[in-house]
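Close look at the chain arrangement
Each chain, letter by letter, is given below.
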Amino acid sequence: MSTTGAPRGRGVIVLGIDSQIGLTVVRELGEHGVAVFGIARSRKAVGLYSRHLKNGYVHAPRDESLLQLIRDISQREGAPFVMTVSEGDILFLNQHRVQLSGLSLLIPDLNAIETVIDKDRVYRIAERIGMRIPRCIDPNASEGAVDLSRLTFPVVLKWAFPGRAQPLLRAHHLQFHKAEYCHSEADLRRALARYEPMGYFPLVQEYAAGSGLGHMIYMHEGEPVLRFQHLREHEWPPEGGYSTQCRSLPSDEHGDLMAKSVELLRAVGWDGPAMVEYRYDPRTGLAVLMEINGRFWGSLPLAYHAGAHFAWLSYCLKGLGAPVPKDAHDYRAGVRCRFGVAETKRLIRILFQPERIQDRSLRFSRLSELGHYFGYFLNPAHRYYIFSWRDPRPFLFDVAGLVRRVLPGGKR
């Protein structure tokens, strides 16, 4: 996206620069000439080492001292705008708008973010506008025994509110699973019994075949001013999760589905960037809605490398009040991007731990997977979530940290 004619403004504070998402926001804004001041949760944050970061800070807890740090940075550096990455930080900032008065929070409002976090509510809205949704059972809404007899297996357990589930899971020494497969009613009953001491259960969702298809859309005053779409070619874990390799799709593919994605975001009253996520089965051409990510998403580096600059657009529209750039819809199709560490974990799982792949219908050729993994590095047009020739320090730091963790006596 060109910056020609786009006004320059003051600095922006980015809360949550620990992951590839925050790093991409820093890079994107910095390359557009914006002074970026980042706040990380720990000193291991890759965003702290980007050449595009003007100043970096480390602050873990979401408390009054974090609010004070934001105010101090804003006053000292002349940075009136605040962006963030995670849903938890979006909720935190929304809940403390009064304490941050005078700052411009470039985030969704509280009602909108609470709506998209609630998967059940999103599904009800989607169903009303004619979208395909997975059949779900919410054990938390059942007053008596849950009727599981009509389910088609396998099913997938997913948390409707991950932010609510995670502290409860930690308190009961239980592992958080983004998606957990159950292949029979007996499997499902055993899994649900594990959460009985918590008194809070994940949604039971019937399995949807296919690959992850993401529609990234920037809504502004009820209109989509930037639309971008990608296909997840590889995921971690291999049976479905977040993308480890993805590819940008032409803007004219899946046109009818993109129109439904826009309609859904309008229906929830969304303003700003969001990703509408589907499971798409190329054999049938059917797409089933999974969720709305009301934040910058894990595969944001692909959009950045392809020329769809969502963070910059948010800065222009929400921050500066500038008009939409004329070339906002321009991006490159066919760009591939890889999350190196996660892709390596995926390869190890396929080669050495195939029994741990929960979707038993998946079949992989080990030779083909090996060839693809190493062949990817030979194409200079391919891109990466963290590595960049123009900004190499985050990658070098990340690799150094990984080496320290795997060496004998290293910290894990």
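Refer to the structure presented above.
In this text, all values refer to a predicted model and were calculated from it rather than measured experimentally.

The next point concerns the environment of Pro-224. With respect to the helices and strands, the residue Pro-224 is situated in strand β11 (residues 223-236). With 96 residues separating them along the chain, Pro-224 and Leu-320 place their C-alpha atoms 19 Å apart. Ignoring any residue separated from it by four or fewer positions in sequence, one finds Pro-224 in contact with Ile-217, Tyr-218, Met-219, Val-262, Arg-266 and His-329.

With that out of the way, let us pick up the nonpolar core. General note: in soluble globular proteins, nonpolar side chains tend to be found buried as a group. Ile-39, Ile-70, Leu-93, Leu-188, Leu-264, Trp-270 and Leu-289 are the most contacted members of the largest nonpolar core, which totals 69 residues. Ignoring sequence-local partners within four residues, the contact set of Leu-264 consists of Val-122, Ile-125, Ala-126, Ile-129, Met-131, Val-276, Leu-289 and Ile-292. Residues Val-25, Leu-106, Leu-302 and Tyr-331 belong to the second largest nonpolar core, which totals 49 residues.

Once that is clear, we can look at the packing of helix α4 (residues 110-117) against helix α5 (residues 119-128). The geometry of α4 relative to α5 is characterised by a closest axis approach of 5 Å and an angle of 85° between their N-to-C directions. Overall, the two elements α4 and α5 adopt an arrangement that is roughly perpendicular. Counted together, Asn-111, Thr-115, Val-116 and Ile-117 of α4 and Lys-119, Arg-121, Val-122 and Ile-125 of α5 form the full contact between these two elements.

Take the sheet that holds strand β10 (residues 211-220) next. If you trace the 7 strands from one edge of the open sheet to the other, you get β14-β13-β10-β11-β12-β15-β16, paired in mixed fashion. Taken across any chain shown, the strands that pair with only one partner, and hence form the sheet edges, are β14 (286-293) and β16 (383-384). Two elements, strand β15 (residues 336-338) and β16, share 2 bridges in a ladder whose sense is parallel. Along β16, the bridge assignment pairs Cys-337 with Arg-383. Sitting on the sheet, helix α8 (residues 255-267) is in contact with β10, β11, β13 (272-281) and β14, with an inclination near 55° to β10. Contacts from helix α10 (residues 310-320) reach β10, β11 and β13 within the one sheet, and its direction differs from that of β10 by about 20°.

In this section: α4. Burial in α4 covers these residues: Ala-112, Ile-113, Thr-115, Val-116 and Ile-117. Residues of α4 that are buried in the fold lie against α3 (87-95), α5 and β14. At the N-terminal end of α4, a side-chain oxygen is found 3.2 Å from the backbone nitrogen of Asn-111, two or three residues along, and the residue is Asp-109.

Moving on, we get to helix α2 (residues 64-77). Taking 1.5 Å of rise per residue, 14 residues should cover 20 Å, and α2 covers 20 Å from first to last C-alpha, within 8% of that figure. Among all positions in α2, only Leu-66, Leu-67, Leu-69, Ile-70, Ile-73 and Ser-74 are buried. An end-on view of α2 places all buried positions within 160° of arc, on one side of the element. Exposed positions of α2 whose direction lies more than 90 degrees from the buried face are Gln-75 and Arg-76. Residues of α2 that are buried make contact with β1 (12-15), β2 (36-40), β3 (53-58), β4 (81-84) and α3. One or two positions beyond α2, positive phi appears at Gly-78, with a value near 65°.

Looking at the element boundaries, His-230 is found in strand β11. Using a relative accessible area of 1% as the deciding quantity, one classes His-230 as buried.

Procedures and definitions
- Residues numbered from 1 in each chain as written.
- Predicted model: local features only at pLDDT ≥ 70, side-chain atom pairs only at ≥ 80, totals over all residues.
- Heavy atoms only, no water.
- Helix = DSSP H or I, 4+ residues; strand = E, 2+ residues; numbered from the N terminus.
- Contact = heavy atoms within 4.5 Å.
- Core = buried A, V, L, I, M, F, W, Y, C linked by side-chain atoms within 4.5 Å.
- Buried < 20%, exposed > 50% of the residue type's maximum accessible area, 1.4 Å probe, protein only.
- Axes fitted to C-alpha atoms, helices over the stretch in contact; angles between N-to-C directions.
- Parallel < 35°, antiparallel > 145°, perpendicular 65-115°, else oblique.
- Pairing = 2+ DSSP bridges.
- Polar contact = N/O pair within 3.5 Å; in protein donor to acceptor, adjacent residues only side chain to side chain.
- Expected span 1.5 Å × (residues − 1).
- Arc of directions from axis to C-beta.

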